[in-house]
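What follows is the residue order along each chain.
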Amino acid sequence: MVASPVLEKHVARAGYAAGLLIVIIPLADSLPAAYPLHLGVAQWRFGMVGLLSGAFMTPLLGLFMLLATAALAGHQRRLRALGVTAIVVAAVLAIISLSFLFDYLQVHGTAVNAVRPGVTGASIKVLFKLGVFLIVSVVYALAALGLTRRGHESAAPPPLVGQSGRSAT
Amino acid sequence: MKGRLLAAAAVVALAWTTQAEAQTTLDFEGIAGDCSGTAVSNGYGGLDWSNFFVCANDAEYIGADCYVSGSACAYNGYGTSALTSTVGTFTFNSAYFKSWFSDNTFFEPYDLTLKGWLGGNVVYSQTIALTGSMQLFQFNWAGIDKLEYDVPNSGQWFGMDDMTINGPTTVTPEPMTVALLGTGLFGLAGLRLRRRKRDAVAD
């Protein structure tokens, strides 16, 4: 429990810092694996999505930490920004999943018979992971935007003058 | 100031994405002086080698044509599968291959399957028909971290020379990619048409 506004401010800062670290560090660690980029090659995209699919989990945990910090500290603007970020993440994951599905068809089509079951199995695993991450992102977005709306409603001025406890001047 | 920083970041990002790898042809020269089983050491050509050995200066044993350039070529040890890998990724462009020994016969043809791996998944695969003579095979497998040379049965040796890595690959639009792009453009065009119609009705 937060004892004072000053303490609340410091705890919120620490929460944001930790959340950002959890989001940024795994992504920065994964980037070198993508070098050099071969974005025009379906096989490379297929392998790279498979390779990086596991790296999305920790940043999502970091995003949750940022959301929780913003919600507990009552930072409505940040909460809204994080909600929008979660929507963008969900959209990116949806595009990646769709692209991965097309790439799978191409890789499967060019693979020798002995390799095909392995390609299919690996693809199902990756698609499952991406699907779960997508759902989690949508849940985050709904939670953040829902809390923002509720925050706005509770912060709205009282409908009648004087109802807030202050005398009308 | 902010604009300059953004421009610098854009230049760095562009350089990072467009920096070309250096094309290398691995001829396995200078690793061994004979054909008595010297392994290709890790780091040769920037790659790690598993179960690869060099046969040099013994044209009678391995067949003179195995030496595409110089007087050395690589082969798989014990007649079993072999691996080439790296910490990052590399492009496998081409290599010369031949059958050295199969079914207790020298230079007997057999099929060798090559698999290109990335992040624990097979992303490329191709079966090539080896004959008793060196042949050049093109692959152009971009961005793999492991290359597996899979012999169908143990006791099958192959020779390999002039392996080209990290060369350019020509990317041709694949039908699926074109279909996806086309669907997206079609959708965008549809949305624009719908908006125009709505605007016309509103006016």
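Residues numbered from 1 in each chain as written. Chains lettered and ligands numbered in written order. Predicted model: local features only at pLDDT ≥ 70, side-chain atom pairs only at ≥ 80, totals over all residues.

Draft legend 1. Examining the interface of chain A and chain B more closely. At the junction of the two partners, chain A supplies 25 residues and chain B supplies 23 residues. Of all elements in the fold, only α2 (42-52), α4 (76-110) and α5 (116-155) of chain A reach the threshold of two or more residues within the side of chain A that touches chain B. Among the elements that line the side of chain A that touches chain B, the one with the most residues is α2 of chain A, at eight residues. Its residues assigned to classes, the side of chain A that touches chain B comprises 18 nonpolar, seven polar and no charged. (Contact = placed C-beta atoms within 7 Å. Helix = DSSP H or I, 4+ residues; strand = E, 2+ residues; numbered from the N terminus. Nonpolar A, V, L, I, M, F, W, Y, C, P; charged D, E, K, R; others polar.)

Draft legend 2. Examining the domain arrangement of chain B more closely. Structurally, chain B comprises domain 1 (22-165) and domain 2 (173-203). Of note, the centres of domain 1 of chain B and domain 2 of chain B, computed from C-alpha atoms alone, are 49 Å apart. (Domains from an automatic or database assignment.)

Draft legend 3. Layout of the packing of α2 of chain A against α4 of chain A. Residues and elements named next belong to chain A. One can describe the packing of α2 onto α4 by two numbers: an axis separation of 9 Å at closest approach and a directional angle of 125 degrees. Comparing their axes, α4 and α2 come out oblique. For the pair α2 and α4, the crossing hand works out as left-handed. The residues of α4 that touch α2, namely those facing A42, Q43, R45, F46 and V49, are I96, S99, F100, D103, Y104, Q106 and V107. (Axes fitted to C-alpha atoms, helices over the stretch in contact; angles between N-to-C directions. Parallel < 35°, antiparallel > 145°, perpendicular 65-115°, else oblique. Left-handed = near helix turned anticlockwise from the far one by under 90°.)

Draft legend 4. Up close: α2 of chain A. Of all 11 residues that make up α2 of chain A, 10 are buried, and the element is covered over most of its length. When we look at burial in α2 of chain A, the residues that qualify are A42, Q43, W44, R45, F46, G47, M48, V49, G50 and L51 of chain A. (Buried ≥ 20, exposed ≤ 12 C-beta atoms within 10 Å, placed from the backbone.)

Draft legend 5. Examining the pairing of strand β5 (residues 72-76) of chain B more closely. Residues and elements named next belong to chain B. With respect to burial, β5 is a largely interior element, five of its five residues being buried. Of the two faces of β5, the one lined by A72, A74 and N76 and the one lined by C73 and Y75 are each fully buried. Alignment of β5 against strand β11 (residues 157-165), held across two bridges, turns out to be antiparallel. Considered in β11, the bridge of A74 is made with M160. (Pairing = 2+ DSSP bridges.)

Draft legend 6. A look at helix α3 (residues 57-73) of chain A. Here α3 of chain A contains 17 residues, and its C-alpha end-to-end distance of 24 Å stays within 8% of the 24 Å for a straight helix at 1.5 Å per residue. Of the positions making up α3 of chain A, those classed as buried are L60, G62, L63, L66, L67, T69 and A70 of chain A. (Expected span 1.5 Å × (residues − 1).)

Draft legend 7. Structural view of the environment of L60 of chain A. Residues and elements named next belong to chain A. Its place among the elements puts L60 in helix α3. Accessibility expressed as a C-beta count within 10 Å gives 20 for L60, which makes it buried. For L60, the residues in contact, after removing those within four places along its chain, are F133 and V136.

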